[in-house]
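Now for the letters of each chain:
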Amino acid sequence: MSKFRFTITAPTTVSAVVEVEADSIEEAHAIALAPSFYNDPEKASFYSDDENKLRDVYLPDESDYEQIDAPQP
């Protein structure tokens, strides 16, 4: 029997509550939406939204997989 490794995706949403120092809300939004801010887990810790159940998962790319040979006894 073979083993396969691939990605499945679920249409979920995640959120992060953040605190940003800025001169205006527009500037705070711009800072928080910059990848250097939201990719830093110390600044933005994302979590699944409440009531966000994993339902319909799908294959984003059916041809993107790796076959992993089962170890031989």
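Definitions and cut-offs
Residues numbered from 1 in each chain as written. Predicted model: local features only at pLDDT ≥ 70, side-chain atom pairs only at ≥ 80, totals over all residues. Heavy atoms only, no water. Helix = DSSP H or I, 4+ residues; strand = E, 2+ residues; numbered from the N terminus. Buried < 20%, exposed > 50% of the residue type's maximum accessible area, 1.4 Å probe, protein only. Contact = heavy atoms within 4.5 Å. Areas by Shrake-Rupley, 256 points an atom, 1.4 Å probe, with all protein chains shown as cover. Salt bridge = Lys/Arg side-chain N within 4 Å of Asp/Glu carboxyl O. pLDDT = per-residue confidence, 0-100.

A.B. asks: Tell me what's going on with the overall build of the protein, and back it up with residues and numbers.
C.D. replies: Along the backbone of the protein there are two helices and four strands. Going residue by residue from the N terminus, the α and β elements of the protein occur as β-β-α-α-β-β. Structurally, the protein occupies a C-alpha span of about 65 × 25 × 25 Å along its principal axes. Split into buried and exposed, the 73 residues of the protein put 5% on the buried side. Within the protein, counting contacts between residues at least 6 apart in sequence, those at least 24 apart form 75% of the total. As presented, the protein carries roughly 6700 Å² of accessible surface, and 51% of it is formed by carbon and sulfur atoms.

A.B. asks: Residue-level account of the pattern of salt bridges, with values.
C.D. replies: If you walk through the whole model with that rule in mind, you get one salt bridge. Its salt-bridge partner being Glu66, residue Arg5 comes within 3.4 Å of it at the nearest N-O pair. In this pair, Arg5 sits in strand β1 (residues 3-6) while Glu66 sits in strand β4 (residues 65-68), placing the two residues 61 residues apart along the sequence.

A.B. asks: Before we move on, could you go through the confidence of the model for the protein and cite the residues and values that matter?
C.D. replies: Looking at the protein, pLDDT values average 86 and 93% of them are 70 or higher. Element-level pLDDT for the protein is lowest in strand β3 (residues 47-48), with a mean of 84, against a maximum mean of 95 in helix α1 (residues 25-32).

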